[in-house]
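Working through the structure, step by step
What follows is the residue order along each chain.
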Amino acid sequence: MSCQRLIPWQSQEAADEPPIGAMACFLPAGTDSEPDCHDQDEVMVILSGSGTLRLAGEVTDFTVGDLLALPRNDEHVVSNPTGEPLSWISLYWPLHEPKGGPAA
């Protein structure tokens, strides 16, 4: 999986930072993302392809145009079992994970 930060797009002083972050993410055909868990809410907007999201033990199928909400502190894995690349935009907030990382 590869990601490109979209927001913030340049180094800024903390006082000028936006309240959210955004990344463009790309998952090659036939691969899975690494398990991820963070103390930030996230919304995924699927741009191309289809796949599955394993979130807090439940599996959901998705396709282009779908919007997926990922609550903070829930482990998630994105899978692309198809023969086509998968891409999405992730919006997350707050911009920085609170000190201490995900809740135990």
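Look above for the structure.
Residues numbered from 1 in each chain as written. Predicted model: local features only at pLDDT ≥ 70, side-chain atom pairs only at ≥ 80, totals over all residues. Heavy atoms only, no water.

In terms of regular secondary structure, the chain is built from zero helices and nine strands. Counting over 104 residues, the chain shows a buried share of 31%. (Helix = DSSP H or I, 4+ residues; strand = E, 2+ residues; numbered from the N terminus. Buried < 20%, exposed > 50% of the residue type's maximum accessible area, 1.4 Å probe, protein only.)

Residue position: Gly30 is located in the loop between β2 (21-27) and β3 (31-32). Counting along the chain gives 56 residues from Gly30 to Leu86, while the straight-line C-alpha distance between them is 9.7 Å. Excluding anything up to four places from it in sequence, Gly30 contacts Asn80 and Thr82. (Contact = heavy atoms within 4.5 Å.)

Another point: unusual backbone geometry. Going from Ile7 to Pro8, the amide bond is cis rather than trans, its omega being -10°. Of note, Pro8 is situated in the loop between β1 (2-7) and β2. Trp93 connects to Pro94 through a cis peptide bond whose omega is -5°. Counting through the fold element by element, Pro94 comes out in the segment after β9 (86-93). Phi is positive for Ala56, which is not a glycine, with a value near 50°.

With that settled, the discussion passes to the layout of surface pockets. The computed volume of the largest pocket comes to approximately 250 Å³. Together, 16 residues line the largest pocket, and Met1, Met23, Asp36, Glu42 and His76 are the ones closest to its centre. Secondary-structure elements contributing two or more residues to the lining of the largest pocket are β2, β4 (41-48), β8 (76-80) and β9. The element contributing the most residues to the lining of the largest pocket is β9, with three residues. (1 Å grid on protein atoms, 1.4 Å probe; cavity = no way out; pocket = protein on both sides within 12 Å on 5 of 7 lines; lining within 4 Å. Points joined across faces, edges and corners; volume = space filled by probe spheres on them.)

With that out of the way, let us pick up the sheet that holds β8. Pairing is antiparallel across the open sheet formed by four strands, whose spatial order is β3-β8-β5-β6. Both outer strands of the open sheet, β3 and β6 (58-63), are each paired with one neighbouring strand and no more. Pairing of strand β5 (residues 50-55) with β8 involves four bridges; the strand directions are antiparallel. Each bridged residue has a counterpart across the sheet, and for Leu55 the counterpart in β8 is His76. (Pairing = 2+ DSSP bridges.)

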